[in-house]
Every structure is written in C-alpha cells, then in structure tokens.
Amino acid sequence: MAPKKLKDIAHRRFDPLKGTWVLLASPQKNKRPRQGQREVVTASEKQAYDPNCYLCPGNTRANGIRNPEYTGTFAFENDFSTVRMDEGECHQHTPEIDVAPDLLRVEPVIGRCYVLTYSAIHHYNISDMTAQDVLCIVDAWTRIYSRYLSSDSPLRMSTTSADDHGPSSREETTLENTNLRYMHVFDNNGEIVGCSNTHPHGQIWITSSMPDGPSQEIAQMSRYRQYHGGRHMLQDYVRLEMDKEERIVWQNDGFLAVCPWWAVWPYEVLLLPKRQVRGLVDLSQTEKFQFSEAILQVAKLYDNLFETTFPYISALHQAPLNATEGELESSYLHMHFSPPLLFPSIKKFFGGYELYAEPTREITPETAAARLRHSGAQLLMSSCRSKAVGSQAQEEFMLIGSPGETLRSGETSSWWRQGL
Ligand SMILES: [Zn+2]
Ligand SMILES: [Zn+2]
C-alpha cells in the first residue's frame, strides 16, 4: 500500500518551543456533524466614548482615580493587581514530614500589573487602527520594558530608541529599581476569552518569578543552540518557513507571520522577527514600525476570516528582565496569537484528551494559513461588525480543509459559508 500523505492520516507534530506534541485528527473526525454549545459573537456597540467605561479618557475608575484626557495610549497600574510590590513574605506551617518541602512547595511572588489602553476611542479594535497607531502601543511596551530591565542587563545598551516615544502616549507608571524577573505582555481580546471591557486594551504583568511558559521556551531554545552549534531555533524556523511557503500568513521585510507547524489553536499565528531580536529594546525604529504593521495585518486577517470581530489571546515573549548571559543569547522575541474560534460560532474546547493527554487540532496549519492568507488584508468589517454571527445552518457544516485546498484570491473571506 502506498504511503498516505500527512493530510490524510492522524499524526502528531512536535512543538520544539515547548518540547510537547500536538495530535492532528484524522480527516474522518472532521466529517462529524457539529453539535453542542454555540458561541454568539456579538459586536460591541459603536460608540467612541462610553461614560460607564473605566478606561475611557476623563472617566473615574473604581478606586476613584480619574483618567487623564489622553488621546493615544495610556498605561496605569491595575487597580486590582494580581501581584503587588508590598507583599512578599510568606510563612507556611509545614508538618514534620520529611517530604513536605518537596510536595508542598511554595514561593512568594511580587510584582506590578499594568493596563495599557491602545486608543482613546472606545469602540476601536487594533484592526481599526493604522500602523502608526499600533506603533504607539509597541513604543509603550518598549518603554516599560526598558524601565524594568535590571541595572546590569546588557540590553540597557540598546535602550536609546526606547526612550523616543510619540507625544500621544501617557503613563502612570511607578519607576524604581525593582529587580523583577519577567515582563509578560498579553491581551485577552473579546468577551469569549474573558474580557469584560470592550475598550481596546492589553495587560502587562511584571513579576519576581519567571513564568513557566517563557521559561520552558527559553530552555528549549537554549538546548537547540547547544545541539546546533549556536544557531537560533526561531531564526532557523523563519528560514525554513520562508523556504517552504506552506504556512506563511503574511510578511514584510522584518517580520514573518505563520500558522506554526505545531499550532494547537485552529487559527493560531506565530509572529517572528526575521533576525534574532532578544527583547523589544533591540528593535530599531524601522523594525518597530514593521512589527506594528505585522500586528495590524494579523488582526485584520482574523477579522476578515469570519467577517466578524475575531476574539483572540495574544502574548509577547522576549528576554527576561534580569536574564543570565545564556538566557539572553537564547532569547528570540516573538508573539503568539491564539484565537479560540473553530468556526464563527464554535469555540474550540480543551476536553479530557487535550487536558490530560495532549492537545489535538482539527484542521491542518497549512489549511489555516491558506485561509488566513487569502482572507485578504482589506478590512471588510465596516459593513458587518454590527452583525451577530452564528447561524443554525452551520450545524450542517463540515470541515473541508486540507493542505491542498485551493483558494482563489478574493473569494475566500466567506469560505466558511460553503456548505451552508
Ligand atoms: Zn472606553
Ligand atoms: Zn513563546
């Protein structure tokens, strides 16, 4: 019997960043009619200012502090921070059992949590902005990162450009030599992923501990360097994807967006610089603009894909604030986008296999990349954002994707309507 192609069989793919596997379902699974809970993706009401929003300019937040009349980005310390600088001591009573210190391990965490609004306009999404607007967000991330870099970090040599920021940025950030360990930038974009306030904003948590996600990745990248004579995993991966051209979603001179070979979420995207960038402060002003342009284009492609405001979780990974020499050399800035939607109204769930065995996915990353690529960079949202999608007719929908699926440019923004 002739060997089958990957797209025709169940198989596992390895994620070298995490050192874990993802199981790609057999195409037979995808012929199953979809039933069960449907998410109604509702659009936010179009209002530039909401008097009840605690992020809008001039409004008073829950702790009584009034926001300034900002016009661009605005960063402030979260009024209900998950971690705080004034905690840190903890005493745990452990019984006289010799294994208790190993089995009941604990350590205190201190830090700061910031909220960063992306725009003064309440109903905006990143996809409504210009690359110049997004650059203000990247500049704000860079500025806060450079402030929290440890005093002896070699990255401090690269911080000149970070201090050059646009006039539209405002921050209420406390500056002190905190010697914190890691700055995690993330965005829970959309009610489906737990965001209760639709004002465009993201979060920045700076902690004394190294979180597991980036820690695992830096360890993997470090192992790769040792094994491959000092080469960088993600730089090699950029070259490989540019050579293969199977999973590219979008690119400019400085950045590449791909549905990674090991993607878990249906339309997961990994955004990578084409050269090694250890942290935001390594980016030149041109590269920061290229990065902003790439973030904007990914957001637009997502919105175009299902013709709705596309929910996603994104996160920026880079070098720790007080990186060791080895960690610094292994670090490679990148950004993850993990949207939960499989269809316009169907969310991917992590069930018993995904939670306790390994993640699974239904469509190949090659198919997801082709659909995103061909959804076109022109924003189609203006006429359809007010629509709530989630037709009952989609219950009959079958997954049709395969790496060989051919999509004609211009027709693909509604590919998911096929079969309705
Ligand atoms: Zn608002
Ligand atoms: Zn990462």
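Residues numbered from 1 in each chain as written. Chains lettered and ligands numbered in written order. Predicted model: local features only at pLDDT ≥ 70, side-chain atom pairs only at ≥ 80, totals over all residues.

### Notes on the overall build of the chain
Secondary structure assignment for the chain yields eight helices and 15 strands. Relative to its 420 residues, the chain shows a buried fraction of 41%. Relative to all contacts within the chain whose residues are 6 or more apart in sequence, the contacts with residues 24 or more apart total 76%. (Helix = DSSP H or I, 4+ residues; strand = E, 2+ residues; numbered from the N terminus. Buried ≥ 20, exposed ≤ 12 C-beta atoms within 10 Å, placed from the backbone. Contact = placed C-beta atoms within 7 Å.)

### What to know about the nonpolar core
Core analysis: the largest hydrophobic core is formed by 86 residues, its most contacted members being Val249, Ala257, Val269, Leu271 and Val298. The residues contacting Leu271, other than those within four sequence positions of it, are Phe255, Ala257, Ala294, Ile295, Val298, His334 and Met335. (Core = buried A, V, L, I, M, F, W, Y, C linked by C-beta atoms within 7 Å.)

### Topic: the UniProt feature "binding site: Zn(2+)" (unreviewed entry) in the chain
Mapped onto this structure's residue numbering, the UniProt feature "binding site: Zn(2+)" (unreviewed entry) falls at Cys53, Cys56, His122 and His199. On the basis of their most widely separated C-alpha atoms, the annotated residues across 147 residues gather in one place, lying no more than 8.2 Å apart. Inspection of the secondary structure assignment puts Cys53 in the loop between β2 (20-24) and β3 (74-77). The exposure class of Cys53 is partly exposed, given the 17 C-beta atoms found within 10 Å. When near neighbours in sequence (up to four residues on either side) are disregarded, Cys53 contacts Asn59, His122, Asn197 and His199. With respect to the helices and strands, the residue His122 is situated in the loop between β4 (111-117) and α2 (131-148). According to the C-beta neighbour criterion, His122 is buried, with 23 such atoms within 10 Å. Beyond its immediate stretch of four places on either side in the chain, His122 contacts Gln47, Ala48, Tyr49, Asp50, Cys53, Cys56 and His199. (UniProt positions renumbered as here; feature names shortened; annotations may be inferred.)

### Here we look at the packing of α2 against helix α5 (residues 285-306)
Axis separation between α2 and α5 bottoms out at 8 Å; the angle between their running directions is 115°. Our classification of the angle between α2 and α5 gives roughly perpendicular. When the axes of α2 and α5 are compared, the crossing they make is right-handed. Residue-level contacts link Ala131, Val134, Leu135, Val138 and Asp139 of α2 to Lys288, Phe289, Phe291, Ser292, Glu293, Ile295 and Leu296 of α5. (Axes fitted to C-alpha atoms, helices over the stretch in contact; angles between N-to-C directions. Parallel < 35°, antiparallel > 145°, perpendicular 65-115°, else oblique. Left-handed = near helix turned anticlockwise from the far one by under 90°.)

### Concerning α2
Compared with the 26 Å implied by 1.5 Å per residue over 18 residues, the 26 Å span of α2 between its first and last C-alpha is a close match. Across the 18 residues that make up α2, a large majority, 16, are buried. (Expected span 1.5 Å × (residues − 1).)

### Details of the sheet that holds strand β1 (residues 11-15)
An order of β1-β2-β15 is seen for the three strands of this open sheet, with the pairing classed as mixed. Both outer strands of the open sheet, β1 and β15 (360-361), are each paired with one neighbouring strand and no more. As paired strands, β1 and β2 are joined by five bridges and run antiparallel to one another. Residue pairing across strands places Asp15 opposite Thr20, the latter belonging to β2. (Pairing = 2+ DSSP bridges.)

### Some points on the UniProt feature "active site" (unreviewed entry) in the chain
Using the residue numbers shown here, the UniProt feature "active site" (unreviewed entry) corresponds to His201. With respect to the helices and strands, His201 occurs in strand β7 (residues 201-207). Among residues more than four places away in sequence, those in contact with His201 are Leu55, Val115, Leu116, Thr117 and Tyr118.

### Regarding helix α4 (residues 233-244)
Side chains that are three or four residues apart share a direction in an α-helix, a result of its 3.6 residues per turn. Under the 1.5 Å per step criterion, the end-to-end length of α4 is 16 Å for 12 residues, consistent within 8% with the ideal 16 Å. Every buried residue of α4 is listed here: Met233, Leu234, Tyr237, Val238 and Glu241. Buried residues of α4, viewed axially, fall in a sector of 135°; they line one side. Seen from the open side of α4, the exposed residues pointing more than 90 degrees away from its buried face are Leu240 and Asp243. Where α4 is buried, its residues meet α3 (212-227), β8 (248-251), β9 (255-258), β10 (269-273) and β12 (334-338). (Arc of directions from axis to C-beta.)

### Description of the confidence of the model for the chain
Averaged over every residue, the pLDDT of the chain is 84; residues scoring 70 or more account for 79%. The low-confidence segment residues 377-413, where pLDDT is below 50, has 84 contacts with residues more than four positions distant or belonging to other chains. (pLDDT = per-residue confidence, 0-100.)

### A few points about the environment of Val298
Structurally, the position occupied by Val298 is in helix α5. You can call Val298 buried: it has 26 C-beta atoms within 10 Å. Counting along the chain gives 47 residues from Val298 to Gln251, while the straight-line C-alpha distance between them is 9.8 Å. Discounting chain neighbours no more than four positions away, the residues touching Val298 are Val249, Trp250, Ala257, Val269, Leu271 and Phe337.

### A few points about the environment of Ser26
Here Ser26 shows up in the loop between β2 and β3. Apart from residues lying up to four places away in sequence, Ser26 is in contact with Ile9 and Ala10.

### Here we look at unusual backbone geometry
Positioned with a positive phi, Glu245 is a non-glycine residue whose angle comes to about 55°. Overall, Glu245 belongs to the exposed group, with 8 C-beta atoms counted inside 10 Å. In this model, Glu307 sits at a positive phi of 55°, which is unusual for a non-glycine residue. Of note, Glu307 is situated in the loop between α5 and β11 (312-317). Look at Glu307 and you get buried, because 20 C-beta atoms sit within 10 Å.

### Regarding the environment of Ala131
Structurally, Ala131 is set in helix α2. Filtering out sequence-adjacent residues up to four positions away, Ala131 remains in contact with Phe289, Ser292, Glu293 and Leu296.

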